[in-house]
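Reading the structure
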Amino acid sequence: MRETHGLFTEEAAQEGGWVAAFCDGGARGNPGPAGFGAVLYAPDGTVLAELSEFLGFRTNNYAEYSGLLAVLAYAIEHKIPRLKVTSDSELMVKQIQGKYKVSSPDLKPMWEEAKRRIRQLDGFEIGHALRHKNKIADRLANEAMDRGMKRENKPGGPAPAPLKATPYPTKSTAPPNPNGNPMLRGFVRDGVVHLLGGATLPEGAFVKVIKE
């Protein structure tokens, strides 16, 4: 979802004005239903855009990086030369600053893409702020999660309690296969099947996958 409120003028770009962006991401369950939100301000304080998107079943850190990538994509698309980003994710901020190493295989490609996009800007800064100073981006991220989970607050009534994400099962309870081969259970994450209960298969084994 992208809502544009203003324009970054050619005059502002020529003057080298800095655009300020606040981004946030979250997941209800970690991993769980996730989303990001971001708001960008022109040098004169005008709101340029509000960005918000549901991401599916992801982790908090994945959502935080998604918010940063969305902000960078907007800046590149709209020829914004200088960008100051504020996020309440200390991990992401320090990884982008080079103070923390990126060891997660899920985050490494996102970090690399963020650095690639940053190199396309004339100027870039990123800093950390506590959540209470990042309220608009936090609201937009929660709205994205609400949309994705098809939840709506009733006017005049109390907000419903956040839904808890169903955790991955920890053990297999499937009955034996009548053909004699054991039936294994697993789940799919990022397009890869993960077997439950520490089960393994020999290299080159053929399997039949049935969606539950």
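Let us look at the structure shown here. The shown structure was predicted, so the numbers you read here are calculated from the model rather than taken from an experiment.

1. Some points on the overall build of the protein
Scanning the protein for helices and strands turns up 5 helices and 8 strands. Ordered by position from the N terminus, the helices and strands of the protein form the series β-α-β-β-β-α-β-α-α-β-α-β-β. Considering only residue pairs separated by 6 or more positions, the protein has 67% of its internal contacts joining residues 24 or more positions apart. Carbon and sulfur atoms form 53% of the exposed surface of the protein, whose accessible area is close to 13200 Å².

2. Regarding the pairing of strand β4 (residues 47–58)
Alignment of strand β3 (residues 32–41) against β4, held across 10 bridges, turns out to be antiparallel. For Leu-40, the partnering residue across the bridge sits in β4 and is Ala-49. In this antiparallel pair of consecutive strands, β3 and β4, the connection spans 5 residues, and Gly-45 shows a positive phi of 95 degrees.

3. Brief notes about the packing of aromatic side chains
A full pass over the atoms with the stated rule returns 1 aromatic pair. The aromatic ring of Tyr-62 is capped on one face by Arg-58, whose charged end is 4.1 Å from the ring centroid. For the cation-ring pair, Lys-84 lies above Trp-18, with the distance from its terminal atom to the ring centre recorded as 5.2 Å.

4. Quick notes on the nonpolar core
Leu-40, Leu-68, Leu-83, Val-85, Ile-96 and Phe-124 are the most contacted members of the largest nonpolar core, which totals 36 residues. Contributions of two or more residues to this core are made by β2 (19–27), β3, β4, α2 (60–77), β5 (82–87), α3 (90–96), α4 (108–118) and β6 (123–128). Considering every element that reaches this core, the biggest residue donor is α2, with 9 residues. Setting aside residues no more than four positions away along its own chain, Leu-40 makes contact with Val-19, Ala-20, Ala-21, Thr-46, Val-47, Leu-48, Ala-49, Leu-51, Val-71, Tyr-74 and Leu-83.

5. A closer look at the side chain of Arg-28
Relative to the elements of secondary structure, Arg-28 occurs in the loop between β2 and β3. Of the residues examined, Arg-28 reaches a relative accessible area of 14% and is grouped as buried.

6. A word on unusual backbone geometry
With an omega of 5 degrees, the peptide bond between Asn-30 and Pro-31 qualifies as cis. Positionally, Pro-31 belongs in the loop between β2 and β3. For Asn-30, which is not glycine, the phi dihedral falls at a positive 45 degrees. Along the chain, Asn-30 falls in the loop between β2 and β3.

7. Comments concerning the environment of Ala-141
The residue Ala-141 is located in helix α5 (residues 135–148) in this model. Between the C-alpha atoms of Ala-141 and Ala-27, which are 114 residues apart in sequence, the distance is 9.2 Å.

Criteria and thresholds
- Residues numbered from 1 in each chain as written.
- Predicted model: local features only at pLDDT ≥ 70, side-chain atom pairs only at ≥ 80, totals over all residues.
- Heavy atoms only, no water.
- Helix = DSSP H or I, 4+ residues; strand = E, 2+ residues; numbered from the N terminus.
- Contact = heavy atoms within 4.5 Å.
- Areas by Shrake-Rupley, 256 points an atom, 1.4 Å probe, with all protein chains shown as cover.
- Pairing = 2+ DSSP bridges.
- Phe/Tyr/Trp six-rings, centres within 6.5 Å; stacked < 30°, edge-to-face > 60°.
- Lys NZ or Arg CZ within 6 Å of the ring centre and 35° of its normal.
- Core = buried A, V, L, I, M, F, W, Y, C linked by side-chain atoms within 4.5 Å.
- Buried < 20%, exposed > 50% of the residue type's maximum accessible area, 1.4 Å probe, protein only.

Purely geometric numbers; function is a separate question.
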